[in-house]
Amino acid sequence: MSSLMGRTSPEASREASKAASVAPHGAEAVTFHARSLLTRSAFYRGLQGLIRDARPMRRGVGSAFAIGFMTMGLGYGAAMGGHGPIVVSALASTVGLQAQDIVITGQIETTETDVYRALGFVTNQSLVGFDADAARLRLKALPWVKDVAIRKLYPGKLTIAIAERRPMAVWQHEDRLTVVEETGRPIDRFGIADLINNRFGHLPHLVGKGASGAAADILPLVAAHPSIAQQVTSYVHVAERRWDIELAGGIRIKLPEKGVADALARAQSLNEKHALFEREIKTLDLRLKDRAIIALPEKAAKTRADFVSARQKAMKKADTKL
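Residues numbered from 1 in each chain as written. Predicted model: local features only at pLDDT ≥ 70, side-chain atom pairs only at ≥ 80, totals over all residues. Heavy atoms only, no water.

Visitor: Talk me through the overall build of the protein chain; I want residue IDs and the actual numbers.
Guide: The secondary structure content of the protein chain amounts to 13 helices and 12 strands. Long-range contacts, defined here as pairs at least 24 residues apart, represent 46% of the contacts in the protein chain between residues at least 6 apart. Here the protein chain has roughly 22300 Å² of accessible surface; of this, 57% comes from carbon and sulfur atoms. (Helix = DSSP H or I, 4+ residues; strand = E, 2+ residues; numbered from the N terminus. Contact = heavy atoms within 4.5 Å. Areas by Shrake-Rupley, 256 points an atom, 1.4 Å probe, with all protein chains shown as cover.)

Take a look at the structure:
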């Protein structure tokens, strides 16, 4: 029996050799077997049927899919490389999201050129990649900008609402002039062009060290006396303790360190009774509560001295005749 089973025909030997030479070995054999199973599966046959029965795509659809695939690839690569915002902005611009309408409101002292420069906007830049928070910080760093609100209105509008600082006075300290706000905080430098154009001529003029910080105390007190406030040209802070007020006629009112409101009321009363502000007076010293000391300018003092001397001589001559 064993001798009969061990013998094979020449045809069987040739078929076995041919199968052994064609069939893959090892890992290739596994792949070959899996591929054979797949081609015989129902899923594969169904997929072939879908491809056979599929309708041709419309013209351009394939290109759109290709562009979308490339866009996702570029976006992923840019994000991994740290260039995401730039690529996103460029891609958004291609589909019509450029900022074509930029509306700026609220600025008076701040120029539009300064605003655009701080925004950091470039031509045809997209709103998608625009960092509004960073732009807001740059705008707030401008001298006159107190606060700012930025809104992106898609597809292509950007609004910038600026709230500026309110100038209170022009402060002179040594040789430097500075525009200051209500808190005394410096806003911007007062230049020659501002002086020539009388840009801040309506603002009070503060002089002296510490004047900007203490101005909030003196300005409302003087404003309560319009006849004085209308003639003030400068507020001079003396030794960082008290104020002198210079009037348009050249008169200097010396105010006390304390009791400023009462001193100003006395000055207004004296002016109403004696028209002091219209006379040739150098100083009106109100530092003492019980008296007002008036000093005349040198020329006026000499004229008055000559007048008094002549009057005394006339009186003596009259007494002699009697």
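There is more to say, and it comes next.
Visitor: Explain the packing of helix H10 (residues 211-223) against helix H12 (residues 260-274) residue by residue, including any values.
Guide: Between H10 and H12, the least distance of the axes is 10 Å, while the angle of their chain directions is 35°. Once H10 is placed against H12, the crossing between them reads as right-handed. When H10 is examined against H12, the residues Ile-218, Leu-221 and Val-222 are found in contact with a partner set consisting of Val-260, Ala-261 and Leu-264. When its residues are assigned to classes, the contact of H10 with H12 shows 6 nonpolar, no polar and no charged. (Axes fitted to C-alpha atoms, helices over the stretch in contact; angles between N-to-C directions. Left-handed = near helix turned anticlockwise from the far one by under 90°. Nonpolar A, V, L, I, M, F, W, Y, C, P; charged D, E, K, R; others polar.)

Visitor: Lay out the packing of helix H7 (residues 112-119) against helix H8 (residues 132-140) with the relevant residues and their values.
Guide: It is the contact of H7 with H8, at a shortest axis distance of 8 Å, that shows an interaxial angle of 140°. Of the possible angle classes, the one that applies to H7 and H8 is oblique. Considering how the two elements wind past one another, H7 and H8 form a crossing that is right-handed. Mapping the contact onto sequence places Val-115, Ala-118 and Leu-119 in H7 and Ala-135, Arg-138 and Leu-139 in H8. (Parallel < 35°, antiparallel > 145°, perpendicular 65-115°, else oblique.)

Visitor: Please give an account of the confidence of the model for the protein chain that cites residues and values.
Guide: Looking at the protein chain, pLDDT values average 76 and 61% of them are 70 or higher. Taken element by element, the predicted model of the protein chain shows its lowest mean pLDDT in helix H1 (residues 2-6) (39) and its highest in strand E10 (residues 252-254) (97). Low pLDDT (under 50) marks residues 26-35, which in the prediction has 2 contacts with non-local residues, meaning those over four places away or in another chain. In this model residues 83-96 is a low-confidence stretch, pLDDT under 50, and it forms 18 contacts with partners more than four residues away in sequence or in other chains. (pLDDT = per-residue confidence, 0-100.)

Visitor: Before we move on, could you go through the nonpolar core and cite the residues and values that matter?
Guide: Ranked by internal contacts, the top residues of the largest apolar core, which has 29 residues, are Leu-206, Tyr-235, Ile-245, Ile-253 and Leu-255. In contact with Leu-255, not counting residues within four places along its chain, are Ile-218, Arg-242, Trp-243, Asp-244, Ile-245, Val-260, Ala-263, Leu-264 and Arg-287. (Core = buried A, V, L, I, M, F, W, Y, C linked by side-chain atoms within 4.5 Å. Buried < 20%, exposed > 50% of the residue type's maximum accessible area, 1.4 Å probe, protein only.)

Visitor: So what's going on with the pattern of salt bridges? Which residues, and what values?
Guide: Using the criterion set out here, one finds 14 salt bridges in the structure. Residues Glu-109 and Arg-199 are paired through a salt bridge, measuring 2.2 Å at the closest nitrogen-oxygen approach. Of the two residues, Glu-109 sits in the loop between strand E1 (101-105) and H7 while Arg-199 sits in the loop between helix H9 (192-196) and strand E7 (205-207), which places them 90 residues apart along the sequence. Note on Glu-109: relative accessible area 23%, which makes it partly exposed. For Arg-199, a relative accessible area of 33% gives the class partly exposed. We note a salt bridge from Asp-285 to Arg-287, for which the minimum N-O separation is 2.7 Å. (Salt bridge = Lys/Arg side-chain N within 4 Å of Asp/Glu carboxyl O.)

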